[in-house]
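A structural walkthrough
The lines below spell out each chain.
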Amino acid sequence: MLDTAESNAAVPVDSETLSENVFRRIQAAIVKGDIAPGSKISEPELARTYGISRGPLREAIHRLEGQRLLVRVPHVGARVVSLSHAELVELYEIRESLEGMACRLAAERMTVEEVNELRHVLETHERDPAYQAGVGYYQQEGDFDFHYRIIQGARNSTLTQMLCGELYQLVRMYRIQFSTTPNRPRHAFTEHHRILDAIADRDGELAELLMRRHIGASKRNIEQHYQAQAHQATPARGEQ
């Protein structure tokens, strides 16, 4: 008898399922940095890598463009997005404002059960091996994502579409990229707990303030990263 994996492999898969599968796999590779920012997308190479025909692959690429993970460059083709320092700061300014609002609404609208589930999410984050080792923060998506849960809890469909739809994977890409900054994981976890406590206390004003400060701290972390890069790239006095 075939095992489950072999049985599934033997079942014909239609083009829609193939496209969804390759979309998720390429999306994960981009968000996690396995396909580097700025990389040129080669359809023949991806077709060989993922064992898929060009039709479903092009559908997946089109969806990734919709998520802003891929961009079209004239006379070059599709590339993985690589935001400039200024563009990244703008993205975090948007997050600071919109997620602050979402946090205030979540404090007003989340049920007791949802607040308890959010606390369980943080308990899962605390047990993560990377977090325990101090080298990263838990970065699973959807219901395991602290920010995602809060946005959903705001019960505002426009905010949800913007923050959990159009911008979500792009934001995740940069959250993952900068989550390994020394000391940032511990600080982020502490900030999350304070935000959760404000939500549980139904203090929307404080919850919004704490979320804005939390994302502002992440923005400063990014700015410090770019400043360090610029310093390293500047030749010391007397060097040629």
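Anything mentioned here points back to the structure above.
Residues numbered from 1 in each chain as written. Predicted model: local features only at pLDDT ≥ 70, side-chain atom pairs only at ≥ 80, totals over all residues. Heavy atoms only, no water.

Across all of its chains, the model carries two cavities of 30 Å³ or more by this definition. If you trace the largest cavity, you find 18 residues lining it, with Gln 139, Arg 175, Arg 184, Ala 188 and Ser 218 closest to the centre. Sorting the residues of the lining of the largest cavity by element identifies α5 (85–109), α10 (168–178), α11 (184–200) and α12 (204–233) as the ones contributing at least two each. It is α12 that provides the largest number of residues to the lining of the largest cavity, a total of five residues. If you add up the space inside the second largest cavity, you get close to 50 Å³. If you go around the second largest cavity, the residues you meet are Arg 95, Glu 99, His 147, Ile 151, Leu 163, Leu 167, Tyr 168, Val 171 and Arg 175. Secondary-structure elements contributing two or more residues to the lining of the second largest cavity are α5, α8 (146–153) and α10. Per-element tally for the lining of the second largest cavity: the top contributor is α10, with three residues. (1 Å grid on protein atoms, 1.4 Å probe; cavity = no way out; pocket = protein on both sides within 12 Å on 5 of 7 lines; lining within 4 Å. Points joined across faces, edges and corners; volume = space filled by probe spheres on them. Helix = DSSP H or I, 4+ residues; strand = E, 2+ residues; numbered from the N terminus.)

Our focus in this paragraph is unusual backbone geometry. Most peptide bonds take the trans configuration, and most residues that are not glycine carry a negative phi. Positioned with a positive phi, Arg 68 is a non-glycine residue whose angle comes to about 65 degrees. Along the polypeptide, Arg 68 turns up in the loop between α4 (54–66) and β1 (70–73). Unusually for a residue other than glycine, His 75 sits at a positive phi of about 70 degrees. Turning to its location among the elements, His 75 is positioned in the loop between β1 and β2 (77–80).

What follows concerns the layout of surface pockets. Counted as a void, the largest pocket has a volume near 240 Å³. What lines the largest pocket is simply Arg 68, Val 71, Val 81, Ser 82, Leu 83, Glu 87, Glu 90, Leu 91, Ile 94, Met 162, Leu 167 and Leu 170. The greatest single-element share of the lining of the largest pocket, amounting to four residues, is contributed by α5. The class makeup of the residues in the lining of the largest pocket is eight nonpolar, one polar and three charged. (Nonpolar A, V, L, I, M, F, W, Y, C, P; charged D, E, K, R; others polar.)

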